[in-house]
Protein chains: 2
Amino acid sequence: MDTEDRLVVFQPSGRRGRFALGTPLLDAARSLGVYIESVCGGRAMCARCQIEVTEGRFDTYGVVSSNDHLSPMGESERRWKVGGARRMSCQARIMGDLVVDVPSEFAVNRQVVRKRAEVRRIALDTATKLVCVSLPAAEMEHPIGDADRLVEAIEAAHGYRGLVLDVTLLDVVQGVVQQGMLTAAVHEDADRPVIVGLWPGARMAAFGVAFDIGSTTIAGHLVDLVTGRAVASAGTANPQIRFGEDLMSRVSYVMMNPDGREALTQAVRGAIASLVSRLAGQAGILPGDILEAVLVGNPVMHHLFLGIDPSPLGQAPFALAVSGALRLCARDLGLGLHPGARVYLPPCIAGHVGADAASVALAEGPQHHDEVTLVIDVGTNAEILLGTRARVLAASSPTGPAFEGAQISAGQRAAPGAIERVRIDPLTFEPRIKVLGVDPWSDEPGFAEAVQATGITGICGSGIIEAVAELFLAGVVTADGTIVEVASDRVRASGRVFDFVLWRGEIEIAVTQTDIRAIQLAKGALYAGARLLMDHLGVSAVERIKLAGAFGSYIDPKYAMVLGMIPDCPLERVSSIGNAAGTGARMALLNRGHRAEVEALVRRVEKIETALEPAFQAHFVNAMALPNAAEPFVHLAAAVALPAPAAPRERRSGRRRG
Amino acid sequence: MDTEDRLVVFQPSGRRGRFALGTPLLDAARSLGVYIESVCGGRAMCARCQIEVTEGRFDTYGVVSSNDHLSPMGESERRWKVGGARRMSCQARIMGDLVVDVPSEFAVNRQVVRKRAEVRRIALDTATKLVCVSLPAAEMEHPIGDADRLVEAIEAAHGYRGLVLDVTLLDVVQGVVQQGMLTAAVHEDADRPVIVGLWPGARMAAFGVAFDIGSTTIAGHLVDLVTGRAVASAGTANPQIRFGEDLMSRVSYVMMNPDGREALTQAVRGAIASLVSRLAGQAGILPGDILEAVLVGNPVMHHLFLGIDPSPLGQAPFALAVSGALRLCARDLGLGLHPGARVYLPPCIAGHVGADAASVALAEGPQHHDEVTLVIDVGTNAEILLGTRARVLAASSPTGPAFEGAQISAGQRAAPGAIERVRIDPLTFEPRIKVLGVDPWSDEPGFAEAVQATGITGICGSGIIEAVAELFLAGVVTADGTIVEVASDRVRASGRVFDFVLWRGEIEIAVTQTDIRAIQLAKGALYAGARLLMDHLGVSAVERIKLAGAFGSYIDPKYAMVLGMIPDCPLERVSSIGNAAGTGARMALLNRGHRAEVEALVRRVEKIETALEPAFQAHFVNAMALPNAAEPFVHLAAAVALPAPAAPRERRSGRRRG
């Protein structure tokens, strides 16, 4: 890999690659299969290929400064009046690491197409559609109400039956009907079609929002329901964090405080309402122009958003208050959308496998493939899907928050100053580190200056994973996870065990034996969950692995496999699928068929409760070793020089004596 | 008629009669066909025959003081702890004029039965029903949500299909399901059955309210949906009165004031919400225990309640914003009921014939009869229904507010101090009057003392109607409505015309020529509307007349016919049907079938717009005469000694010269 190459991550797909300095973004996108519309073929003549350089807004792993990482804006872009954070991807050339947002829903459609049938395009089939009708003036001879005449006219012109008018439109129907020509928004995803919006004249604008409510961040996308195009994206920290960093501490907060549930519900709804305002502001529309919302989240987020006490999710039997898909009115949830706006929440799969996992399954589930496919979405719990077109299994594994940097002595959330990448020289044991928000690696020119801005404050999830994996590959950590004394002053005794010092500066950052145990517990649980599903499916290997979410975007699959977090698999068959939950939410927003699809899928998913399975414990024990005590990891061994499996135990005992 | 007899009016039926002092109320009720439950047969042993002595609460015609108009409470009633305004009707004896409320829904059922098929009882078939189920504890092996399990269990046990849970119950479902046995309220009058209420354990209490929103007063009845029994009644002045006395002045207020519609809507909803609190308080329940509401009102009241601008109803083509029946959620209307409570509004018939008229039609419409039946509900507009089982026609006539005492020189709303009854001695022309709130007639002992309390302040609707009719019968007013000079100092010149002085006291109250013209215009319009419908139906006479509302309860049918307000008909076939709109609302509350019935009825009603019919004008001109220039009024002439039809014109010209 040329050291001049720069990392570019395309959102929302999460596809990533390294490209030579000066590569046009459009070319980079195409080489990764990221679809960006371009009518003129890259000749700066259509301005359709616009992308947006994000500043890590949906990105728990921090910020990439964009200004000097793209070529300056040239004449052609200025001519097209491309503005804000937008650039024309055929003109903008890669000058540094970048996170790029492709603000077009075509990306989603293509992505889905690819997984279903290579040629077919997904037709736009939104739950809410605009229809135009003209009404004659009221006649005294036929004293039927304006609303009733309107319903009859739309039924006659557009083939609806049993159409009704939403109560919130009773006060506008007269004024609109008097104009003659009018536009109605008809919501079709209810027991009977409902007119949810009314405007005088012809109107071709209707909008929807898709939200992915994460424990840490909430991301929203505003979509034009007429064109299917994404018109704005925004994200925010989940304000529930002040009530508890992780899910279980928020559940505890609810259990301990009489008004806790209400406070958490208000917090998340308020955040969504203000994101709605931001999204509308970006697109130059009003929140009241938004007619549909789809929201996904894990069960605790899902329940708190709905105003449901999540306490039962904190203890066996982890009972969901509601698991089925929900079709609600936005006004009952205080989201500040159009008064008639409708809300859809996909079903939850099980007590720890929520509507977000269902949404991942919709977008990227094993049911799209003939090969045995494993889909993993890692957060505090890992949601695991395994199967083929024929069968899909789901489980969650209690990985705990170690992969997110919690429970690690120097751990921190992914933010500027966090060590995010680690390399250990296998000969000298000397580490190289990459710090979030700092471009050069620690051994590259300019690092000392660049790191002044952020400092080095700790180590985040991807950093600790790479550190442990590299230490294992270098022989500093044995297969059973023990740090051994090597010929380096980086290893130092700490009581009866050893630490490995990654960084010495204003503060010292070390990987401790306890840190490694935490990672072993987490990765053991993750692997054991996947393995348990493999047992149930009756397979001994998986043929494809998809890593969803921030985990998938920021963890190098190689290191995940070196640690034995994921089962053995050809490395090139391991891919990152980006924010698949968000993608699934947008699919449900854009196409009613996808709602039926996710509901049918969740019904047929075989739910495995790891806590009830004795085999889980056995797999877990074996999976504590690096990469695994019971599995050969043949594909991994072919790609990476693993330490000899028998050696570590001898070396460790030898060293310990010394 | 014995002068010792006392007038008793039974509500809600409006049945009235005169009874000897000391008659037990139960006997009086039975003699009028008013059904009061009595298990013990009047032996003071069951306390089931309770009635309530109202103080005219639903009564635009004022107050009857009740304390000394019933025999004192005896031992047996004290033993049964009958309290508040309640009395046992077998024990309470008539000692004065009374308005009595029969607080039992059985009265309604019997009343309806009588009109349909003498033997059949109306089965209770409420839209919202209580069901009990037991749920097993949640199982980890089957991670289905509590709400989903609940739905499945109720579907299985009670035969529902497609059952859903109301969004407002998402936050209580867990707590309720944990108890095992639970009670759910299932609302069946929606596209699919909806669980609208949930309680732990077995519960047998569910309540509904029926409201009749009048321009002047709002009346509400609280009904036990399990037994069908009315458990409380309350009424209040419509607070919209401060924005305008009559409908058109309120419509004007909305047209002139930007926030007018909102203010009027808040006023009526607020009044209903506070009536809900009072009703709940009377019954010892919470407003949140009320699961259903049915509301009826004229089109302007209906629209304002719904938050719809009523301005188009004030001018041709008098277009309704919505005419069909409405099924809504109470929470969208701010009524303060149970969060899941549902609201039903019957359809409006036409721009001036509202949901209240539809409700009258449901309870008392011509479709119940083989005979040609005319139903009249008089307010500012008169709503008129005519037909038989085969055909029903409806219209409204612009009577204006003269019948309510407005547009009359000394006119006033029916309130204590208003002249409500008038008799003119045909020989001496000396008037006798009866004042509202004063027991003796003006020529009876004790009148002078009794009238001190109220004074004599004006003349209300029933008073002016009786005055004009009696003046006509006495020959003081001619058939064309002219006051002529007779041998009495009561007649005095006023410019070129004459007044008739009804009362001389601190203030003088006279019937002026202008007053008579106003009554002629009003009664002419009412008659012309009825006659127009007779033309359309192809009949020259009606066989039965029913007078609804306060008009029906307080106007003597004889005087109505003497004036020619209503067509000729045997007097004994003219009856008062009380608050039929309220009765219809309660029928829709208690039986889903009645909702389908009123909707089907309104669809088949032939709506006649009087403003479009040239014949209306011709009938109107003829109907200006007393009783009518083109109709013989044979039945009336047989019952009442009418002045000779030819005489008046000669007498008038003769007198005028004098």
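No experiment lies behind these values; they were computed from the predicted model shown. (Residues numbered from 1 in each chain as written. Chains lettered and ligands numbered in written order. Predicted model: local features only at pLDDT ≥ 70, side-chain atom pairs only at ≥ 80, totals over all residues.)

Peer 1: So, the overall build of chain A: which residues are in play, and what are the values?
Peer 2: Along chain A, the regular secondary structure elements total 19 helices and 27 strands. When burial is assessed residue by residue, chain A has 54% of its 658 residues classed as buried. Taking contacts inside chain A between residues at least 6 apart in sequence as the whole, the part at least 24 apart equals 67%. (Helix = DSSP H or I, 4+ residues; strand = E, 2+ residues; numbered from the N terminus. Buried ≥ 20, exposed ≤ 12 C-beta atoms within 10 Å, placed from the backbone. Contact = placed C-beta atoms within 7 Å.)

Peer 1: Tell me about the sheet that holds strand β25 (residues 544-548) of chain A, and name the residues and values.
Peer 2: All names here are of chain A. Taken in spatial order, the six strands of this open sheet run β26-β25-β16-β17-β18-β27, and their pairing is mixed. Looking at the sheet topology across the chains shown, the edges are occupied by β26 (574-576) and β27 (606-607). In this structure, strand β17 (residues 382-387) lies alongside strand β18 (residues 392-397), joined through six bridges in antiparallel fashion. Bridge pairing links L386 to L393 in β18. Relative to the sheet, helix α9 (residues 355-364) contacts β16 (373-378), β17, β18 and β25, its axis offset from that of β16 by approximately 140°. (Pairing = 2+ DSSP bridges. Axes fitted to C-alpha atoms, helices over the stretch in contact; angles between N-to-C directions.)

Peer 1: A description of the interface of chain A and chain B should follow, citing residues and the corresponding values.
Peer 2: With 40 residues of chain A at the interface, the matching set in chain B holds 40 residues. Residue assignment for the side of chain A that touches chain B shows that the elements contributing at least two residues are α4 (146-158) and α5 (173-177) of chain A. Examining the composition of the side of chain A that touches chain B, we find that three residues originate from one element, α4 of chain A, more than from any other. Across the side of chain A that touches chain B, the residue classes break down as 23 nonpolar, six polar and eleven charged. (Nonpolar A, V, L, I, M, F, W, Y, C, P; charged D, E, K, R; others polar.)

Peer 1: Just give me the short version of the relation of the copies chain A and chain B, but keep the residues and values in it.
Peer 2: Mapping chain A onto chain B calls for a screw motion: a turn of 180° about the axis and a shift of 0.0 Å along it, with 0.2 Å RMSD after fitting. What we have between these two chains is a two-fold relation. If distances are taken from each C-alpha of chain A to the rotation axis, the shortest is found for D191 of chain A, at 3.2 Å. By residue overlap, the copies meet face to face through one surface: 100% of the interface positions of chain A are interface positions in chain B. (Least-squares fit on C-alpha atoms with pLDDT ≥ 70 in both.)

Peer 1: Tell me what's going on with the sheet that holds strand β9 (residues 194-200) of chain A, and back it up with residues and numbers.
Peer 2: Residues and elements named next belong to chain A. Ordered in space as β6-β8-β9-β7, the four strands form an open sheet in which the pairing is mixed. Looking at which strands have only one partner, the edges of the open sheet turn out to be β6 (128-134) and β7 (164-165). Two elements, β7 and β9, share two bridges in a ladder whose sense is parallel. In the sheet register, V164 faces β9, and the bridge partner there is V194. Sheet strands in contact with α4 are β6, β7 and β8 (181-187), and its direction is about 105° off that of β6.

Peer 1: Hey, could you go over helix α6 (residues 247-256) of chain B for me, with residue numbers and the actual values?
Peer 2: All names here are of chain B. When we look at burial in α6, the residues that qualify are L247, R250, V251 and V254. With its buried residues spanning 100° around the axis, α6 presents them on a single face. Set apart from the buried face of α6 by more than 90 degrees, the exposed residues are S249 and M256. As for α6, its buried residues are in contact with α7 (260-283) and α8 (299-306). (Arc of directions from axis to C-beta.)

Peer 1: Which residues make up the packing of helix α12 (residues 513-537) of chain B against helix α17 (residues 614-622) of chain B, and what values go with them?
Peer 2: Helices that pack against each other are described as a pair by the angle of their axes relative to one another and the distance between those axes. All names here are of chain B. At a minimum axis distance of 8 Å, the contact between α12 and α17 shows a crossing angle of 130°. In terms of orientation, α12 lies oblique with respect to α17. Relative to α17, the crossing made by α12 is right-handed. In contact with G524, A525, Y527, A528, R531, L532 and D535 of α12, α17 contributes A615, F616, H619 and F620. Considered class by class, the residues forming the contact of α12 with α17 number seven nonpolar, two polar and two charged. (Parallel < 35°, antiparallel > 145°, perpendicular 65-115°, else oblique. Left-handed = near helix turned anticlockwise from the far one by under 90°.)

Peer 1: So what about the confidence of the model for chain A? Which residues, and what values?
Peer 2: Atomic detail in the predicted coordinates should be set aside for any region of low pLDDT. Residue and element names in this part refer to chain A. Considering every residue of chain A, the mean pLDDT works out to 86; 88% of them sit at 70 or more. Across residues 55-66 the pLDDT falls below 50, and counting only partners more than four positions away or on other chains, this stretch makes 37 contacts in the model. Across residues 646-658 the pLDDT falls below 50, and counting only partners more than four positions away or on other chains, this stretch makes twelve contacts in the model. For this predicted complex, the interface confidence reaches an ipTM of 0.75, while the overall pTM sits at 0.77. (pLDDT = per-residue confidence, 0-100.)

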